[in-house]
Amino acid sequence: MKLKQTFTKIGLTLLTGAAFLGVLGATSSSKAANYQGDLVNQKQLTIGLEGTYKPYSYRQDGKLTGFEVKLGQALAKKLGLKAKFVPTKWDSLVAGVGADKYDLVLNNITQTPERKKNYRFSTPYIYSRYALISPKKAKLTKVQAIKGKTLAEGTGTNNAQVAKKYGAKISASGEFANSLALIRQGRADGTINSLEAYYAYAKSDKKVSDLNVTDLSKQVKPVKVSALLKKDNRQLQKAVDQALKQLAKDGTLSKLSKQYFGADITKAPK
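Residues numbered from 1 in each chain as written. Predicted model: local features only at pLDDT ≥ 70, side-chain atom pairs only at ≥ 80, totals over all residues. Heavy atoms only, no water.

Student: Would you mind going over the confidence of the model for the protein chain with me for this structure?
Tutor: Do not read the predicted coordinates in detail wherever pLDDT is low. Overall, the predicted model of the protein chain reaches an average pLDDT of 86, with 87% of residues at or above 70. Long-range and interchain partners of residues 6-33, a stretch whose pLDDT sits below 50, account for zero contacts in this model, where long-range means more than four residues apart. (pLDDT = per-residue confidence, 0-100. Contact = heavy atoms within 4.5 Å.)

Student: Explain the layout of surface pockets here, please?
Tutor: Picture a little ball the size of a water molecule; that probe, rolled over the atoms, points out where space is still empty. Of the volumes computed, that of the largest pocket is approximately 400 Å³. Lining the largest pocket are 17 residues, and of these Gln111, Thr112, Tyr130, Lys221 and Val223 sit closest to its centre. Counting residues per element, the ones that place at least two in the lining of the largest pocket are α5 (113-118), α6 (158-165) and β13 (223-225). For the lining of the largest pocket, the leading source of residues is α6, giving four residues. Within this model, the second largest pocket holds a volume of roughly 240 Å³. Glu50, Lys89, Trp90, Gly174 and Glu175 are, among the 15 residues lining the second largest pocket, the residues nearest its centre. Taken together, the residues of the lining of the second largest pocket break down into three nonpolar, seven polar and five charged. (1 Å grid on protein atoms, 1.4 Å probe; cavity = no way out; pocket = protein on both sides within 12 Å on 5 of 7 lines; lining within 4 Å. Points joined across faces, edges and corners; volume = space filled by probe spheres on them. Helix = DSSP H or I, 4+ residues; strand = E, 2+ residues; numbered from the N terminus. Nonpolar A, V, L, I, M, F, W, Y, C, P; charged D, E, K, R; others polar.)

Student: I keep staring at the sheet that holds strand β12 (residues 211-215) and nothing clicks. Help me out?
Tutor: Strand pairing within a sheet occurs via backbone hydrogen bonds; the two strands may be parallel or antiparallel. Spatial strand order, β11-β8-β12: three strands in an open sheet with antiparallel pairing. Unpaired on one side and paired on the other, β11 (191-194) and β12 mark the two borders of the sheet. With strand direction ignored, the average angle separating the axes of adjacent strands in the sheet is 30°. Note: strand β8 (residues 130-135) against β11, four bridges, orientation antiparallel. When the sheet's bridge partners are listed, Leu132 is paired in β11 with Ile192. Packed on one face of the sheet, helix α7 (residues 176-184) meets β8, β11 and β12 and runs near 35° to β8. The strands touched by helix α8 (residues 195-204) within the sheet are β8, β11 and β12, with β11 carrying the most contacts at an inclination of about 85°. (Pairing = 2+ DSSP bridges. Axes fitted to C-alpha atoms, helices over the stretch in contact; angles between N-to-C directions.)

Student: Can you walk me through α6 in this structure?
Tutor: Residues lying three or four places apart along an α-helix face the same way, a consequence of the helix completing one turn every 3.6 residues. For α6, the set of buried residues is Asn158, Asn159, Ala160, Val162 and Ala163. Summarising the contacts, the buried residues of α6 are in contact with α5, β8, β9 (150-153), β10 (169-172), β11 and β13. A positive phi of about 85° marks Gly167, the residue just after α6. (Buried < 20%, exposed > 50% of the residue type's maximum accessible area, 1.4 Å probe, protein only.)

Student: How do you make sense of the pattern of salt bridges when you look at a structure like this?
Tutor: Any two side chains of opposite charge can pair, on the condition that their charged atoms come close. Using the criterion set out here, one finds six salt bridges in the structure. Here Lys230 and Asp100 are joined by a salt bridge, their closest N and O atoms 3.0 Å apart. Placement of Lys230 in strand β14 (residues 228-230) and of Asp100 in the loop between α4 (95-98) and β5 (104-105) is noted, with a sequence separation of 130 residues between them. When its relative accessible area of 22% is taken as the criterion, Lys230 is described as partly exposed. Note that Lys117 and Glu114 form a salt bridge whose closest N and O atoms lie 3.5 Å from each other. Of the two residues, Lys117 and Glu114 are both situated in helix α5; the distance of three residues between them amounts to about one turn of the helix. (Salt bridge = Lys/Arg side-chain N within 4 Å of Asp/Glu carboxyl O.)

This is the structure:
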């Protein structure tokens, strides 16, 4: 009789454990389903970028490469997905997230109050510095000196916002090389842009002796650069944040930063 009761108890215990594991498995599956539901296409991380902004993303021998391309591939791998890139012009790049053209944007995007109203951001992966670029003879070295000047900037970019803040007029220019061309042609007095982008440009184009470049780090705070996601995609944001944390811990972020920017700019400035 006691033996029978013992086997009965064991049976109930096993059933209870199985039921618990079943609930746990259902919960895990539910979380996975929620995360997968955020993706535009299953089993792949679809990433929007310009592909024309060296060293962030650009083409070399016809293939996309750059810091944010390699970062996107590393993120996708951590998430168990395949990276797919969708090159898009800046003017419609951010809006493409809301239109479900891709899951997120990796394109030197900064967190601003206005953008936070409509979109979701990952934790920062780099802290980008500003540069003020102008003709040598202009001697524009102070951000206050751009008041009333015409600066070549991408429409809606954080560079344009800084230029406007200090009283500059904006001449629309979607690409970095085009902004420099406008300066050289005398159609713009200068540009505020990424210092890292200038360094990359200078490496590939030695004809920069006609330009004056000022690091604005002590005049304008470096900005947080993050992945931009659709407002509703909370589960995907959490997954991306976790992946970025892992990439920082294993040294991947630092390695990519040094490779493409010549320095580790992945940590918040003190």
